[in-house]
Amino acid sequence: MNDYKIKSRIWIEVGDNVLLGEGRVRLLKEIAAQGSLSKAAKSIGMSYKKAWTLVDAVNKSAKEAVVTTSVGGQKGGGTVVTPYGKNLIAAFEQINKKCWEFLDQEFESLDGI
């Protein structure tokens, strides 16, 4: 059984819209680290346009703003993940971890595979 692996992806939807998935969480975590949407997108090899589209979709689907942006100023503006956004990231990561643990346990319990 050592050769077999079980794979799964989860995401959270609101209505027909995807709120969060692994890619969006990765982008949000990078925004939190970089303080900039453009820097975050570049660091994960994503176009700015795609990153903006994803962040905009998350903000529109969520109950509250997940990221806020500021333009200009002395530091040139930036993008910040809100406390609500950080809570969403933590909740997604906890659910994802528990999902993987469950799947691993279930797979290990199977005999004869």
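Up top is the structure these notes are about.
What you see is a predicted model; the values in this text were computed from it and never measured.

Caption draft 1: Expanded view of the pattern of salt bridges. According to the stated counting rule, one finds four salt bridges in the structure shown. Measuring nitrogen to oxygen at the nearest pair gives 2.6 Å for the salt bridge that ties Glu93 to Lys29. Here Lys29 lies in helix H1 (residues 22–34) and Glu93 lies in helix H4 (residues 83–109), a separation of 64 residues in the sequence. Among the residues examined, Glu93 registers a relative accessible area of 33% and is labelled partly exposed. A relative accessible area of 41% places Lys29 in the partly exposed class. One salt bridge in this structure joins Glu101 and Lys97, with 3.3 Å as the shortest N-O distance. In this pair, Glu101 and Lys97 both sit in helix H4, four residues apart, roughly one turn of the helix.

Caption draft 2: Region of the structure containing the side chain of Thr79. Within the fold, Thr79 resides in strand E4 (residues 77–81). Accessibility expressed as a relative area gives 6% for Thr79, which makes it buried. Discounting chain neighbours no more than four positions away, the residues touching Thr79 are Ile31, Gly35, Ser36, Leu37, Val67, Thr68 and Thr69.

Caption draft 3: The nonpolar core, seen in detail. In this structure, Leu20, Leu27, Leu28, Ile31, Met46, Val66 and Leu88 are the most contacted members of the largest nonpolar core, which totals 24 residues. Elements with a contribution of two residues or more to this core: strand E2 (17–21), H1, helix H2 (37–43), helix H3 (48–61) and H4. If we skip the residues at most four places from it in the chain, Leu20 touches Trp11, Ile12, Val25, Leu28, Val58, Leu88 and Phe92.

Rules of the game
Residues numbered from 1 in each chain as written. Predicted model: local features only at pLDDT ≥ 70, side-chain atom pairs only at ≥ 80, totals over all residues. Heavy atoms only, no water. Salt bridge = Lys/Arg side-chain N within 4 Å of Asp/Glu carboxyl O. Helix = DSSP H or I, 4+ residues; strand = E, 2+ residues; numbered from the N terminus. Buried < 20%, exposed > 50% of the residue type's maximum accessible area, 1.4 Å probe, protein only. Contact = heavy atoms within 4.5 Å. Core = buried A, V, L, I, M, F, W, Y, C linked by side-chain atoms within 4.5 Å.

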